[in-house]
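Here's the letter readout for the chains.
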Amino acid sequence: MSTTKTIQSALISVFDKTGLEPIVRQLHKQNAIIYSTGGTEEFIKNLGIPVVAVEDITSYPSILGGRVKTLHPKIFGGILNRQDNPTDVAQMTEFDIPQIDLVIVDLYPFEKTVASGASEADIIEKIDIGGISLIRAAAKNFKDTVIVPSVEEYELFLEMIISGNGATTLEQRKNLATRAFHVSSHYDSAIFNYFNTEDTYFKASIANGQVLRYGENPHQKGFFFGDFDAMFTKLHGKELSYNNLLDVDAAVNLILEFKNDAPTFAILKHNNACGLATRNTMKEAYLAALAGDPTSAFGGVLIANGKIDTATASEINALFCEVVIAPSFDEEALIILQEKKNRIVLTINDVPLPERQVRTCLNGVLVQDRNNITDNKEGLKTVTNTAPNEQEIDDLIFASKICKNTKSNTIVLAKNNTLIASGTGQTSRVDALKQAIEKANSFGFDLKGAVMASDAFFPFPDCVAIAHEAGITAVIQPGGSIKDELSINYCNENKVAMVFTGIRHFKH
């Protein structure tokens, strides 16, 4: 028995009619009987194409304000019957049920309605009942029935029936059924998440998927699920890799800490900042950030909190870098940055990041709230006899913002709104500090008058002692150790200023 089936009848009930007309005309050209109801029926009539009202099949009108239109045995029997099952074939004749070979549905826009800030009553009315039932029924019976589950499949389906002269293969129908169950499961997840108030349930569904060249390493497959185009406009360059995306994510989270500040430029490598500075102009900020670690900047990801002008772009162009991100670019600046064929240039849009963070763990996932707390001057508590001066306070907040976005254990050293050096991802906070000091010295920075930020408290006074000996004059840390007094006493004895924030910023 052939698995190729010619479409002789179709039920069409859609919300979005964009691109529907050529499908209807093609079905009519191929002599298919078209059934429909409501606004879709009116749309088809206005095309001058014959259409049979669903009500004429069911002998039931659309009732309850349109909530019940297609939910009827004569409709679902026509979709679900197994054409190679003698009992089904007999019952189709007995109950005068018309065969329905094709179902085209586009659901009520539930997610868009929620996002619009509509009232709960309006949101509830956008929970599709008949449409979702039609999708599941047709997808279940893909051996005999074709399902087009959303406007996203209109073009694919049109090409399919034109090339197949109205016929579809089993493989094509199964592919559409797979898409259909994706549509239905995504829709149900969105509805559940709207109603859900229990933190012990976790359902996530992301419709936009992208196959990457590979994962973290060439032997690993890689995928990105999300709406990248909503966050960025890609102006130039090659496709972003898995590692590029991780670095871009780190860069975006970091620069958001400086969103409303003076011109700020950051350079990142392997998710950590290797250069960051705030200055009066973007060019000055870039050059100061680059000076922080010109070695690590090679092949890095660059991001600015404001427009990149021509002068800044000219400086950037001398550096090999993977990605450049900014809210906007001067026209001439963009021309300069596009001189390198593979350099990725992105403008970032003002799109909120998810409030929950998710990562795999063991045989499940870990979910946590985003770390939305940024340390500020009002939240600082001076715990030493020596208080930090205004410049030190500015530098302490500056260093803390970087520290929050650097892999633990971390120590960040800063001076005059410039990242001098950081120790990142160390198993010991002492090692992180020593790494930072060594790095600062290797690039010729004078640590006298610099400040130190730590992502967590100091259980012993060793870090403040090492920092003081290197020239550090002010320290910011969460506090909270049972041995805080040891570090406080050392600072008092050596006239080092120290402030507590009360907020830990681990990042693993």
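See the structure printed just above.
Quick look at the structure, then. No experiment lies behind these values; they were computed from the predicted model shown.

### Considerations on helix 1 (residues 21-29)
Phase 1 of the analysis: Those residues of helix 1 that fall on the buried side of the exposure criterion are Ile 23, Val 24, Gln 26 and Leu 27. One side of helix 1 holds all its buried residues, which, seen down the axis, span an arc of 165 degrees.
Phase 2 of the analysis: Phi turns positive, to about 65 degrees, at Asn 31, one or two residues after helix 1.

### Describing the packing of aromatic side chains
The geometry of an aromatic ring pair comes down to the distance between the two centres and the angle between the two planes.
Phase 1 of the analysis: Taken as a whole and assessed by the stated rule, the structure comprises 11 aromatic pairs.
Phase 2 of the analysis: Considering the side-chain rings of Phe 110 and Tyr 194, the 5.9 Å spacing of their centres and the 85 degrees angle between planes classify their relative orientation as edge-to-face. Of this pair, Phe 110 sits in helix 6 (residues 110-115) while Tyr 194 sits in helix 10 (residues 170-195); the two residues are 84 residues apart in sequence, bridging distant segments of the chain.
Phase 3 of the analysis: The buried category is assigned to Phe 110, whose relative accessible area is 2%.
Phase 4 of the analysis: A connected cluster of aromatic rings, assembled from ring pairs, spans Phe 110, Tyr 187, Tyr 194 and Phe 195.
Phase 5 of the analysis: For Lys 203, the ring lying beneath its charged end belongs to Phe 192, and the centroid distance is 5.3 Å.

### Comments concerning the environment of Lys 483
Phase 1 of the analysis: The topology assignment puts Lys 483 in the loop between strand 22 (474-477) and helix 19 (484-494).
Phase 2 of the analysis: Given the relative accessible area of 36%, Lys 483 is considered partly exposed.
Phase 3 of the analysis: Residues Lys 483 and Pro 461 lie 22 residues apart in sequence; the distance between their C-alpha atoms is 8.6 Å.

### Focus on the pattern of salt bridges
Phase 1 of the analysis: Counting across every chain of the model gives 17 salt bridges.
Phase 2 of the analysis: Among the ionic pairs, Arg 179 bridges to Glu 153, the shortest N-O distance being 3.4 Å. In this pair, Arg 179 is assigned in helix 10 and Glu 153 in the loop between strand 6 (146-148) and helix 9 (154-163), connecting sequence segments 26 residues apart.
Phase 3 of the analysis: Residue classification places Glu 153 among the buried residues on the basis of a relative accessible area of 6%.
Phase 4 of the analysis: One salt bridge connects Glu 315 with Lys 283, and the closest N-O pair in it is separated by 4.0 Å.

### Looking at the sheet that holds strand 15 (residues 344-348)
Phase 1 of the analysis: Ordered in space as 10-15-14-13-11-12, the 6 strands form an open sheet in which the pairing is mixed. Every interior strand has two partners, whereas the edge strands, strand 10 (232-236) and strand 12 (272-278), have only one. Shown here is a sheet whose adjacent strand axes are inclined to one another by a mean of 20 degrees, direction ignored.
Phase 2 of the analysis: For strand 13 (residues 300-304) and strand 14 (residues 321-326), the ladder comprises 4 bridges, and the chain directions are parallel. Bridged to Leu 302 within strand 14 is Val 324.
Phase 3 of the analysis: Sheet contacts for helix 13 (residues 282-292): strand 11 (264-269), strand 12 and strand 13; angle to strand 11, the most-contacted strand, approximately 30 degrees.

### What to know about the environment of Pro 50
Phase 1 of the analysis: Positionally, Pro 50 belongs in the loop between helix 2 (38-46) and strand 4 (52-53).
Phase 2 of the analysis: The spacing of Pro 50 and Tyr 35 is 15 residues in sequence and 9.1 Å in space, taken between C-alpha atoms.
Phase 3 of the analysis: With sequence-adjacent residues up to four places away left out, Pro 50 is seen in contact with His 28, Ile 34 and Ile 44.

### Observations regarding the nonpolar core
Phase 1 of the analysis: Within the largest apolar cluster, 51 residues are counted, with the highest numbers of intra-cluster contacts made by Ile 12, Leu 27, Ile 75, Ile 79, Leu 102, Ile 104 and Phe 157.
Phase 2 of the analysis: Ranked by residues supplied to this core, first place goes to helix 10 with 7 residues.
Phase 3 of the analysis: Residues within four places of Ile 75 in sequence aside, it is in contact with Leu 11, Val 54, Ile 57, Thr 58, Thr 70, Ile 100 and Leu 134.
Phase 4 of the analysis: If you look at the next biggest cluster of nonpolar residues, it comprises 42 residues, including Leu 276, Ile 397, Phe 398 and Ala 414.

### Focus on the layout of surface pockets
Phase 1 of the analysis: Size it by volume and the second largest pocket reaches roughly 460 Å³.
Phase 2 of the analysis: If you trace the second largest pocket, you find 25 residues lining it, with Gly 66, Arg 67, Lys 69, Tyr 108 and Asp 128 closest to the centre.
Phase 3 of the analysis: Of all the elements in the fold, those that place two or more residues in the lining of the second largest pocket are strand 2 (9-14), helix 2, strand 5 (102-106), helix 7 (120-125) and helix 8 (130-140).
Phase 4 of the analysis: Counted by class, the lining of the second largest pocket contains 9 nonpolar, 10 polar and 6 charged residues.

### A closer look at empty space enclosed by the protein
Phase 1 of the analysis: What the rule picks out here adds up to 2 cavities of 30 Å³ or more.
Phase 2 of the analysis: The calculated volume of the largest cavity comes to roughly 60 Å³.
Phase 3 of the analysis: In terms of lining, the largest cavity is formed by Asp 375, Ser 400, Cys 403, Ala 453, Ser 454, Asp 455, Ile 476, Gln 477, Pro 478, Thr 501, Ile 503 and His 505.
Phase 4 of the analysis: Elements with a contribution of two residues or more to the lining of the largest cavity: helix 16 (390-404), strand 21 (451-454) and strand 22.
Phase 5 of the analysis: Residue composition of the lining of the largest cavity, by class: 5 nonpolar, 5 polar and 2 charged.
Phase 6 of the analysis: If you add up the space inside the second largest cavity, you get close to 30 Å³.

Reading the values: the criteria
- Residues numbered from 1 in each chain as written.
- Predicted model: local features only at pLDDT ≥ 70, side-chain atom pairs only at ≥ 80, totals over all residues.
- Heavy atoms only, no water.
- Buried < 20%, exposed > 50% of the residue type's maximum accessible area, 1.4 Å probe, protein only.
- Helix = DSSP H or I, 4+ residues; strand = E, 2+ residues; numbered from the N terminus.
- Arc of directions from axis to C-beta.
- Phe/Tyr/Trp six-rings, centres within 6.5 Å; stacked < 30°, edge-to-face > 60°.
- Lys NZ or Arg CZ within 6 Å of the ring centre and 35° of its normal.
- Salt bridge = Lys/Arg side-chain N within 4 Å of Asp/Glu carboxyl O.
- Pairing = 2+ DSSP bridges.
- Axes fitted to C-alpha atoms, helices over the stretch in contact; angles between N-to-C directions.
- Contact = heavy atoms within 4.5 Å.
- Core = buried A, V, L, I, M, F, W, Y, C linked by side-chain atoms within 4.5 Å.
- 1 Å grid on protein atoms, 1.4 Å probe; cavity = no way out; pocket = protein on both sides within 12 Å on 5 of 7 lines; lining within 4 Å.
- Points joined across faces, edges and corners; volume = space filled by probe spheres on them.
- Nonpolar A, V, L, I, M, F, W, Y, C, P; charged D, E, K, R; others polar.

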